[in-house]
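Here is what each chain is made of, one letter per residue.
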Amino acid sequence: LYCIYLPPWPFFCCLYLPFLTSFWNETIKLFRGGMPLKRHWAYFRSYDNSFTGSEAVDWLHELLKRNHNFGPEVTRYQTLQLLRKFMKNHVVEDVKGRYGKEDFEDSGQVYRFPPTSPLKPLPQRTPVSENCDLPRLIRWDDYEELPQPEKIPMKSLILNSETWNKRHSIAIGEVHECKIIRRSDITPKQVDQIWKKMTIAHLQRVLGLKTMDGVLDPKHVNAKHIIHNVFSVNKTGIVIVKNKAEDMPYWVLSAMKCLANWPNGRETKQPMYPGFERDVLRTVAEYFQRLKEPLLTFQLYEVFVNILSLLQQKEVAAEALQVCSLLLPPANRRRLQLLLRLMARVCQNPALPPLNDAIATRTLMVQTFSRCILGSAEEVDLDELLATKLVTFMMEHHDSVLRVPSNLHRHVDDHLSHLRRVQIKYAGADTDASLVSPSYCRKISRAEFEEQRVSSSQGPMQELLEGLIADTELSAKDKRKRLKQFQKSYPEIYRRRFPTAESKAAVLPEKAPRLKPQLVLLTLKKPFQPFQRSWSFRT
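A brief report on the enclosed structure follows. Small disclaimer: the values here were computed from a predicted structure and weren't measured.

### Some remarks on the overall build of the protein chain
When helices and strands are counted, the protein chain shows 22 helices and 7 strands. Expressed as a percentage of the 539 residues in the protein chain, the buried residues total 40%. A separation threshold of at least 6 residues defines the contact pool for the protein chain, and within that pool the share at least 24 residues apart is 73%. On the protein chain, roughly 32,900 Å² of surface is accessible, and the fraction owed to carbon and sulfur atoms is 54%.

Below is the structure:
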């Protein structure tokens, strides 16, 4: 179904997860321990402890349907495929001892178990250096110091209580010794790195793994895909693809809409012919089956299969699928969202005629699209059954598994906000804080409290005033306006900085007075003359 160049098998065997082999071994143990063995006649003689192909298919099919790892959706054909893999791996053999190239037949052919153990050893992962491909997450250590205004001579802060001073000198200290620091502007590349790093860490925590080695290669994680899947969505949460060439063709979308909204999705009130809905389903299935790789991609196969062990915990499995699906290319995530929604609506629509005479609609949808959603580049033990199990869970919980994980989104936003926040560091805070011995506070009067409050707050205000004076980017008009506001709010500090008009003029020259236009005109005509009485009002 999928064609791709495959590297040699040893390259893949180091990546397969231990619990996949555990599934394989558990199934073999149940099969060998429970399969009824009888005497059968073949090739003109009788064979003890043997079974026919049909008997094996019947018994193993019932076993898989009752097993919680596989479920009732397992079909007889899938069981036959599994028995053929057993034949290939020498779990069973025919009565002549042949295996490997011989196909297991659902017939009266006689088979038996070989005397050697068919169980596989658990694979060992190749150790990988920690965080070898992940960029280092930026921290508060990566900061730049803001330029400080020139310090003016200040009297050291003196408190009334020596013990109080020792206890709080690190926290309050002398204000002129503190430094305001911040990170340099966060670049889009750094934002991508943060999303990638925190998404992988969140996924590892949800899966409960100590390392992601052998499960997910960080090189296969594209931060652009994560950010696009989080933010470029419509009001229903479906991903919006910017490049229309990557979107599904219009005729496929129309066919999916027809089935999802049946019978209201049809362009006409009645089907064009009997079986019209089956042809529409066949059209949709052929499109997805012709894709180059499954929607969950070959590279992320191990990650999604790892979630199979969490399906008993629905909330945990749903959150793991939420994070994993963010790693998909946006076009794949959009196709997956629309396909799962179609499958769920078709299964829940009582007005839709049966799409198959022999198979229930729910089973038909899972069998038709499971290999289109999940599959490995190399044939893996139980891969088809695992795909059926995972796709069934995703179809039943499609509203939640493809939702953007709110916890991850919130954690990334909080981290970015923290990095953009200005921080204040005090001299000696990193080294002296641990050396301060515990002490106790002394009750002081209200007058002493007010004196300490004023003295401790005046230092920063004085530095603020000096920074305002030294700011060369402000125009003279804006600087006068802000100095006036400062004078109104802190008159005492302003008065000490500018005790006289000359001190203020040295920093900010006074604005030259302007004459009103009317006075200018009078000045140009003739000089001002005093009033002289020209006539008398006497009678």
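### As for the pairing of strand β2 (residues 45-52)
The pairing of strand β1 (residues 38-42) with β2 spans 4 bridges and is classified as antiparallel. When the bridges of β2 are listed, K38 appears paired with S50. In this structure, the hairpin formed by β1 and β2 is closed by a connection of 2 residues, where Y43 is found at a positive phi of approximately 55 degrees. For β2 and strand β4 (residues 110-112), the ladder comprises 2 bridges, and the chain directions are antiparallel. Following the sheet pairing, T52 is matched in β4 by V110.

### Details of the environment of G375
Here G375 lies in the loop between α13 (361-373) and α14 (383-396). Taking C-alpha positions, G375 is 7.6 Å from T297, a pair spaced 78 residues apart along the chain. With near-sequence residues (within four places) excluded, G375 lies in contact with P294, T297, F298 and Y301.

### Notes on helix α11 (residues 314-326)
Compared with the 18 Å implied by 1.5 Å per residue over 13 residues, the 19 Å span of α11 between its first and last C-alpha is a close match. Within α11, the full set of buried residues consists of A317, A318, A320, L321, Q322, V323, C324, S325 and L326.

### Brief notes about the sheet that holds strand β3 (residues 93-94)
What the 4 strands build is an open sheet, ordered β1-β2-β4-β3; its pairing is antiparallel. Here the strands that pair on one side only, and so sit at the sheet edges, are β1 and β3. Across the sheet, helix α3 (residues 53-66) touches β1, β2 and β4, and the angle it forms with β2 is around 25 degrees.

### Digging into the side chain of E93
Within the secondary structure layout, E93 lies in strand β3. Residue classification places E93 among the buried positions, given a relative accessible area of 6%. There is a polar contact of 2.8 Å between the side chain of E93 and the side chain of H90. Apart from the residues lying within four places of it in its own chain, the contact partners of E93 are M87, R98, Y99, Y111, R112 and P114.

Reading the values: rules and limits
- Within each chain, residues carry numbers counting from 1 in the order of the written sequence.
- Since the coordinates come from a predicted model, pLDDT governs what is reported: local features require at least 70, and pairs of side-chain atoms require 80 or more to be given and counted, while whole-chain, interface and lining totals use all residues.
- The basis for every side-chain value is the complete set of heavy atoms in the structure, and neither hydrogens nor water enter the calculation.
- A run of H or I in DSSP counts as a helix once it spans at least four residues, and a run of E counts as a strand once it spans at least two, with each numbered from the N terminus.
- Type-normalised accessible area, obtained with a 1.4 Å probe on protein chains alone, sets the label of each residue: buried when under 20%, exposed when over 50%, and partly exposed for intermediate values.
- Should any heavy atoms of two residues lie within 4.5 Å, those residues are counted as being in contact.
- Per-residue and other accessible areas were derived by the Shrake-Rupley procedure at a 1.4 Å probe size, with only the shown protein chains allowed to occlude residues.
- At least two DSSP bridges between two strands are needed for those strands to be called paired.
- Take the residue count of a helix, subtract one, and multiply by 1.5 Å to get its expected span.
- Under this scheme, a helix contributes an axis fitted over its contacting stretch, all axes are lines through C-alpha atoms, and angles between N-to-C directions fall in the 0 to 180 degree range.
- A 3.5 Å cut-off defines polar contacts: any pair of N or O atoms within that distance qualifies, except that in protein one atom must be a possible hydrogen donor and the other a possible acceptor, and neighbouring residues in sequence count only when both atoms are side-chain atoms.

Read these as layout, nothing more, since geometry by itself doesn't imply function.
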